[in-house]
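# Structural overview
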Amino acid sequence: VQLVESGGGLVQPGGSLRLSCAASGFTFSRYAMSWYRQAPGKERELVADITSAGGSTNYADSVKGRFTISRDNAKNTVYLQMNSLKPEDTAVYYCNGRLGPLRYWGQGTQVTVSS
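Reference entry: report on the structure contained in this document. (Residues numbered from 1 in each chain as written. Predicted model: local features only at pLDDT ≥ 70, side-chain atom pairs only at ≥ 80, totals over all residues. Heavy atoms only, no water.)

### Focus: the environment of G106
Stated formally: Strands here are runs of E lasting at least two residues and helices are runs of H or I lasting at least four, both read from the DSSP assignment and numbered beginning at the N terminus. With a 1.4 Å probe rolled over the protein chains alone, any residue whose accessible area is under 20% of its type maximum counts as buried; one over 50% counts as exposed, and the rest are partly exposed. When checking whether two residues touch, look at their non-hydrogen atoms; a contact exists if any pair is within 4.5 Å.
Residue position: G106 is located in the loop between β10 (102-105) and β11 (109-113). Take G106: its relative accessible area is 12%, and that puts it in the buried class. Spatially, the C-alpha atom of G106 lies 4.5 Å from that of L3, the residues being 103 residues apart in sequence. Residue contacts for G106: discarding those within four places in its chain leaves L3, E5, Y94 and C95.

Pasting the structure below:
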């Protein structure tokens, strides 16, 4: 099982990034997928999640209206489009897959928002 995040980097406030998470080793289309983030000195928090078929999404209040989660089950990939980025969005972003008691995590990708 692998979840490999990409697309992180350094961006100025107000800018955009698109994170990708490529999955392998499990039946991706059966799993709900989520993005979490963890800033230095803080607990990991849920940013957004999406149901297995992509019909329903959920967002943390802090990112509503700025971030969009989506998935392509044909490509076994989940995305996080991040717009209007703020310095407080700086964190390591993790991809997560879940099905019942099963949980899979990626290694994370760093997002830094700074001028």
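### Let's talk about the pairing of β11
Formally: One bridge is not enough; two strands pair if DSSP finds at least two bridges between them.
The alternating pattern of β11 places T109, V111 and V113 on a buried face and Q110 and T112 on a face that is not buried. Pairing analysis gives three bridges linking strand β2 (residues 9-11) to β11, with the strands arranged parallel. Bridging across to β11, G9 finds its partner in V111. In this structure, strand β9 (residues 91-99) lies alongside β11, joined through three bridges in antiparallel fashion. Looking at the pairing, Y93 lines up with T109 of β11.

### Details of the pairing of β9
Taken together, the seven bridges between strand β4 (residues 32-38) and β9 define a ladder with antiparallel strand orientation. Counterpart to Y36 in the pairing with β9 is Y94. One ladder, built from four bridges, connects β9 with β10; its direction is antiparallel. Bridging from a neighbouring strand, L99 pairs with L102 of β10. The hairpin turn running from β9 into β10, its antiparallel successor, is two residues long, and G100 in that turn takes a positive phi close to 60°.

### Thoughts on the pattern of salt bridges
The following threshold applies: Salt bridges are identified by distance alone: a Lys or Arg side-chain nitrogen within 4 Å of an Asp or Glu carboxyl oxygen.
Scanning the model with the defined rule gives five salt bridges in all. Salt-bridge contacts for D89 lead to R37; the nearest nitrogen and oxygen are separated by 2.9 Å. One end of the pair, D89, is in the loop between β8 (77-82) and β9; the other, R37, is in strand β4, and 52 residues separate them in sequence. The exposure class of D89 is buried, given its relative accessible area of 1%. Three or more residues are tied together by salt bridges with common partners; here these are R37, E45, R66 and D89.

### What about the packing of aromatic side chains?
How two aromatic rings sit relative to each other is set out by the distance from centre to centre and by the angle between their planes. Basically, it comes down to this: Under the pairing criterion, centres of Phe, Tyr and Trp rings, with the six-membered ring standing for Trp, must be within 6.5 Å; the plane angle then separates stacked pairs below 30 degrees from edge-to-face pairs above 60, leaving the rest tilted. For a Lys NZ or an Arg CZ to count as sitting over a ring, it must be within 6 Å of the ring centre and within 35 degrees of the ring normal.
For the structure shown, the criterion picks out six aromatic pairs. Here the aromatic rings of F26 and Y31 are separated by 4.7 Å at their centres, their planes lie at 65°, and the arrangement is edge-to-face. In this pair, the class of F26 matches that of Y31, namely buried. Counting every residue linked through ring pairs, the aromatic cluster contains F26, F28, Y31 and Y104. For R44, the ring lying beneath its charged end belongs to Y94, and the centroid distance is 3.7 Å. Geometry around F28 places R71 over its ring, the cationic atom sitting 4.4 Å from the centre.

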